[in-house]
Structure formats: structure tokens, C-alpha cells
Amino acid sequence: MKKVIFDADGLVVSQAGTKFYVQYDAGAHQIAIREDEISEEDAQRIMSSPAEANKVLFELQKRLTEAGVDPYVSNVKHST
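The following paragraphs examine the structure supplied in this document. (Residues numbered from 1 in each chain as written. Predicted model: local features only at pLDDT ≥ 70, side-chain atom pairs only at ≥ 80, totals over all residues. Heavy atoms only, no water.)

Here we come to the environment of Arg34. Position of Arg34 relative to the elements: it lies in strand β4 (residues 33-38). When the C-alpha atoms of Arg34 and Val22 are compared, they prove to be 8.0 Å apart, with 12 residues separating the residues in sequence. Not counting chain neighbours up to four residues away, the residues in contact with Arg34 comprise Val22, Gln23, Tyr24, Ala26, Leu64, Val69, Asp70, Pro71, Val73, Ser74, Asn75 and Val76. At a separation of 2.6 Å, a polar atom in the side chain of Arg34 contacts the main-chain carbonyl oxygen of Val73. (Helix = DSSP H or I, 4+ residues; strand = E, 2+ residues; numbered from the N terminus. Contact = heavy atoms within 4.5 Å. Polar contact = N/O pair within 3.5 Å; in protein donor to acceptor, adjacent residues only side chain to side chain.)

Turning next to the sheet that holds strand β3 (residues 19-25). Backbone hydrogen bonds hold the strands of a sheet together, and the pairing may be parallel or antiparallel. One open sheet accounts for 4 strands, arranged β1-β2-β3-β4; its pairing is antiparallel. Of all strands in the sheet, those with a lone pairing partner are β1 (3-8) and β4, marking the two edges. Between one strand and the next, the sheet's axes are offset by a mean angle of 20 degrees, whatever the strand orientation. One ladder, built from 6 bridges, connects β3 with β4; its direction is antiparallel. Directly across from Gln23, in β4, lies its bridge partner Glu35. Where helix α2 (residues 50-66) meets the sheet, its contacts fall on β2 (11-16), β3 and β4, and the angle it forms with β3 comes to roughly 95 degrees. (Pairing = 2+ DSSP bridges. Axes fitted to C-alpha atoms, helices over the stretch in contact; angles between N-to-C directions.)

So, about the pairing of β2. Pairing analysis gives 5 bridges linking β1 to β2, with the strands arranged antiparallel. What sits directly across from Ala8, in β2, is Leu11. Adjacent in sequence and paired antiparallel, β1 and β2 are bridged by 2 residues, among which Asp9 carries a positive phi angle near 55 degrees. As defined by bridge partners, β2 adjoins β3 across 5 bridges and the pair is classed as antiparallel. The partner of Ala16 across the bridge, within β3, is Lys19.

With 17 residues, α2 should cover 24 Å at 1.5 Å per step; its first-to-last C-alpha distance of 24 Å lies within 8% of that length. Within α2 the residues assigned to the buried category are Ala53, Val56, Leu57, Leu60, Gln61 and Leu64. The arc enclosing the buried residues of α2, seen along the axis, measures out at 135 degrees, which places them on a common side. Facing away from the buried surface of α2 by more than 90 degrees, the exposed residues are Phe58, Lys62 and Glu66. The secondary structure elements touched by the buried residues of α2 are β2, β3, β4 and α1 (40-48). Backbone geometry just after α2 places Gly68 at a positive phi near 85 degrees. (Expected span 1.5 Å × (residues − 1). Buried < 20%, exposed > 50% of the residue type's maximum accessible area, 1.4 Å probe, protein only. Arc of directions from axis to C-beta.)

Encoded structure:
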């Protein structure tokens, strides 16, 4: 089960065991909520300052793109 360890400015960092996740709005003109696994170091960076959080998200989106994943499309299902 995931435990939220940080929630500020639209960024939510959660932890499940030894894994860390960030949930954020990746959309430009519309909401596109994503949740992606990150390292513990990236989680610490996100929690340290807004500037570091932005760097982590840009690095994450670059890694996703290089892996063939569209980083601007939601991967979170919302219940209705």
C-alpha cells in the first residue's frame, strides 16, 4: 500500500516499501495526471525545493520519452 510522504504544489510523492512514486499533472492545455516510479534520491530532491522538483520532472519526462513512453498522457485511472 502506498503512503503519501509529500503533497505540495500539485506534486504528490508516495512510498510503497522501497519504491517511490511521484504523481503530477503533465498536461499543458488539459489535465493529464501521471504517476511514475522515481528513485529515493529523486523523491528527496522533489521534497527539497520547487526548483529541484521541476528538474526532477524534466529529467523524468526525458527518460520516459527515451523509453518510448509519451510523458504527457495520463496513466492514472480515475473512478467515476
